[in-house]
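The chain contents come next:
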Amino acid sequence: MATASAAARKPAIKDFNFTWVGQDRGGKTVRGEMRAAGEAQVNATLRRQGIKVVEVKKQRRGRGGRVTEKDLTLFTRQLATMLKSGVPLLQAFDIVAKGHSNAAVARLIMEVRSDIETGSSLKQSFEKHPLYFDTLYCNLIGAGESAGILDTVLDRLAVYKEKILAIKSKIKSALFYPIAIVVVAFVITAVIMIFVIPAFKQVFKSFGADLPALTQIVIDLSDLFVAYWWALFGGIGAAVYGFFYSWKRSERMQHAMDRLLLRVPVFGDLIRKSAIARWTRTLSTTFAAGVPLVEALESVAGAAGNYEYFSATRRIQGEVATGSSLNSAMQGTDVFPNMVIQMVAIGEEAGSLDTMLGKVADYFEQEVDDSVEALSSLMEPIIMVVLGTLIGGLVIAMYMPIFKLGSVV
């Protein structure tokens, strides 16, 4: 028991990256990188490999930036290109790591490389970093390794990640513009209420006459802003933070918001098309890589990014596992258009399901592009009308007493 408790208290050994230079059995100078607990471990490992160690240096762990989805997409594309060109796997990792400007990405790549060098498969090495390489990514890599077509699978995976990244970027750009305008409008309105209207109020006091109702309402709102601006801004900030915090942490909140977003006018249709594009693209990529359909649906469930499609995929997976066809299982979910179901049925009958799913994904990705362009064109006049009404209304309210005074004179 004492030994067990002592082992439990023993701190975990921290690994570091080392660069080394040595000579192989033929006297040729070789060099490389290794992840180990210390220089002694590096020396021992190299000696077992028949390498005479000349120099070992510990690498400094720069902070660097964070690893983004774009970084992982670029890494996948670079790795696919080099493997297709015949570059050995470990050398490809070296080239990508040394050519990356982000220290965090380079460190991640070298950690994966070190695991491969010590005997782990590529899939096992990626699975040690679930924050960056999800189940779908690892399953596709495993399928490529098993079938001996790793370069082809990596190329398909790179195309998949590039298209998914493009869809996410378009959705963000469509949502960013109206949100940014609303924030700017609120700031401008707050500045007018707190600083401009009180100056007009002092002028109006000297008139000694009753103010128009609209002007009086604006002045009362301005007094409220001036007196409680801290509570107003603090309350809005706390409400926004609390909303997004709950959305991120509460599973029930996420499910409710996912359902709501699909029913929002204009934006809901865009989100639905995006979810279908991601769902079909993911299933096409996994199935083309040789992953069995039931296992492929396991990876696809969370790829659409919406709970409605997640739960629908789980139901589809259960029916397919019991012998139903994919298109009949999709019909009972009520989340896929008839065109998608018919294309899947044709693909199943012709034995080209991955090709048909790819065509569906291409169609809905184009639909997302067209919807974003149409939405941008629609939002511009609406935003101009809203801003014109808001700012113009404040200006008119402030000038109405002056016009009234001019008519009296």
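Residues numbered from 1 in each chain as written. Predicted model: local features only at pLDDT ≥ 70, side-chain atom pairs only at ≥ 80, totals over all residues. Heavy atoms only, no water.

Q: Kindly report on the overall build of the protein chain, identifying the contributing residues and their values.
A: Per the secondary structure count, the protein chain includes 16 helices and three strands. In summary, the protein chain has a C-alpha radius of gyration of 30 Å against a globular reference of 22 Å for 409 residues, an excess of more than 25%. Each principal axis of the C-alpha atoms in the protein chain carries an extent, and together these give about 105 × 60 × 50 Å. If you sum the accessible surface of the protein chain, you get close to 22,700 Å²; carbon and sulfur atoms cover 60% of it. (Helix = DSSP H or I, 4+ residues; strand = E, 2+ residues; numbered from the N terminus. Rg over C-alpha atoms; globule rule 2.2 N^0.38 Å. Areas by Shrake-Rupley, 256 points an atom, 1.4 Å probe, with all protein chains shown as cover.)

Q: Describe the pattern of salt bridges, listing the residues and the values that go with them.
A: Summed over all chains, the structure comprises 17 salt bridges. The salt bridge involving Glu367 is made with Lys273; its shortest N-O contact spans 3.1 Å. Here the residue Glu367 occupies a position in helix 16 (residues 353-408), and Lys273 occupies one in helix 11 (residues 267-288), the gap between them amounting to 94 residues. Arg281 serves as the salt-bridge partner of Asp362, at 2.5 Å between the closest nitrogen and oxygen. Note that Asp362 is positioned in helix 16 and Arg281 in helix 11, a separation of 81 residues in sequence. Under the relative-accessibility criterion, Arg281 is labelled buried at 8%. (Salt bridge = Lys/Arg side-chain N within 4 Å of Asp/Glu carboxyl O. Buried < 20%, exposed > 50% of the residue type's maximum accessible area, 1.4 Å probe, protein only.)

Q: Please provide a residue-by-residue account of the packing of aromatic side chains, values included.
A: The tally for this structure, following the rule as stated, stands at 14 aromatic pairs. These aromatic residues form a ring-pair network of at least three members: Phe75, Phe93, Phe126, Phe133 and Tyr137. (Phe/Tyr/Trp six-rings, centres within 6.5 Å; stacked < 30°, edge-to-face > 60°.)

Q: Just give me the short version of helix 11, but keep the residues and values in it.
A: With 22 residues, helix 11 extends 32 Å between its outermost C-alpha atoms, agreeing within 8% with the 32 Å of an ideal straight helix rising 1.5 Å per residue. Among the 22 residues of helix 11, 17 are classified as buried, and the element is accordingly described as predominantly covered. Phi turns positive, to about 95 degrees, at Gly290, one or two residues after helix 11. (Expected span 1.5 Å × (residues − 1).)

Q: I'd like a description of the environment of Val159, backed by residues and values.
A: Structurally, Val159 can be placed in helix 8 (residues 150-205). When its relative accessible area of 30% is taken as the criterion, Val159 is described as partly exposed. On a C-alpha basis, the gap between Val159 and Thr285 in space is 9.0 Å, while along the polypeptide they are 126 residues apart.

Q: Break down unusual backbone geometry for me, with residues and values.
A: Notably, Asp334 is not glycine yet its phi reads approximately 60 degrees, a positive angle. One can find Asp334 in the loop between helix 14 (326-331) and helix 15 (338-350).

Q: Could you give an account of helix 4 (residues 89-98), with specific residues and numbers?
A: Think of an α-helix as 3.6 residues a turn; residues three or four steps apart then line up on the same face. Along helix 4, the residues that are buried comprise Ala92, Phe93, Asp94, Val96 and Ala97. Those residues of helix 4 that are buried are in contact with helix 3 (69-84), helix 5 (103-117) and helix 6 (122-127). (Contact = heavy atoms within 4.5 Å.)

Q: An account of the packing of helix 3 against helix 4 is needed here, citing residue identities and associated values.
A: The geometry of helix 3 relative to helix 4 is characterised by a closest axis approach of 10 Å and an angle of 135 degrees between their N-to-C directions. On the basis of the axis angle, helix 3 is oblique to helix 4. The crossing of helix 3 and helix 4 is right-handed. Counting all contacts with helix 3, which are made through Phe75, Gln78, Leu79, Met82 and Leu83, the residues of helix 4 involved are Leu89, Ala92, Phe93, Ile95 and Val96. (Axes fitted to C-alpha atoms, helices over the stretch in contact; angles between N-to-C directions. Parallel < 35°, antiparallel > 145°, perpendicular 65-115°, else oblique. Left-handed = near helix turned anticlockwise from the far one by under 90°.)

Q: Any chance you could break down the nonpolar core for me, citing the residues and the numbers?
A: Phe126 and Leu326 are the most contacted members of the largest nonpolar core, which has 73 residues in total. Listed in part, the eleven residues of the second largest apolar core include Ile192, Ile197, Val218 and Ile219. (Core = buried A, V, L, I, M, F, W, Y, C linked by side-chain atoms within 4.5 Å.)

Q: So, the packing of helix 8 against helix 9 (residues 213-249): which residues are in play, and what are the values?
A: Across the interface, helix 8 lies against helix 9 with an axial gap of 9 Å and an inter-helix angle of 135 degrees. Between helix 8 and helix 9, the interaxial angle falls into the category oblique. Viewed along their axes, helix 8 and helix 9 form a crossing whose handedness is left-handed. Between helix 8 and helix 9, the contacting residues are Phe186, Ala190, Met193, Ile194, Ile197, Pro198, Lys201 and Phe204 on the first element and Thr215, Val218, Ile219, Leu221, Ser222, Asp223, Phe225, Val226, Trp229, Phe233 and Ile236 on the second.

Q: Which residues make up the environment of Ile167, and what values do they have?
A: Relative to the assigned elements, Ile167 resides in helix 8. Residues Ile167 and Ser274, 107 residues apart in the sequence, show an inter-C-alpha distance of 6.8 Å. Setting aside residues no more than four positions away along its own chain, Ile167 makes contact with Ser274, Ala277, Arg278 and Glu365.

Q: If you had to explain the confidence of the model for the protein chain to someone new, which residues and values would you point to?
A: For the protein chain, per-residue confidence averages 81 on the pLDDT scale, and 91% of positions sit at 70 or higher. Mean pLDDT per element in the protein chain: helix 1 (residues 2-9) is the minimum at 41, and helix 15 is the maximum at 91. (pLDDT = per-residue confidence, 0-100.)

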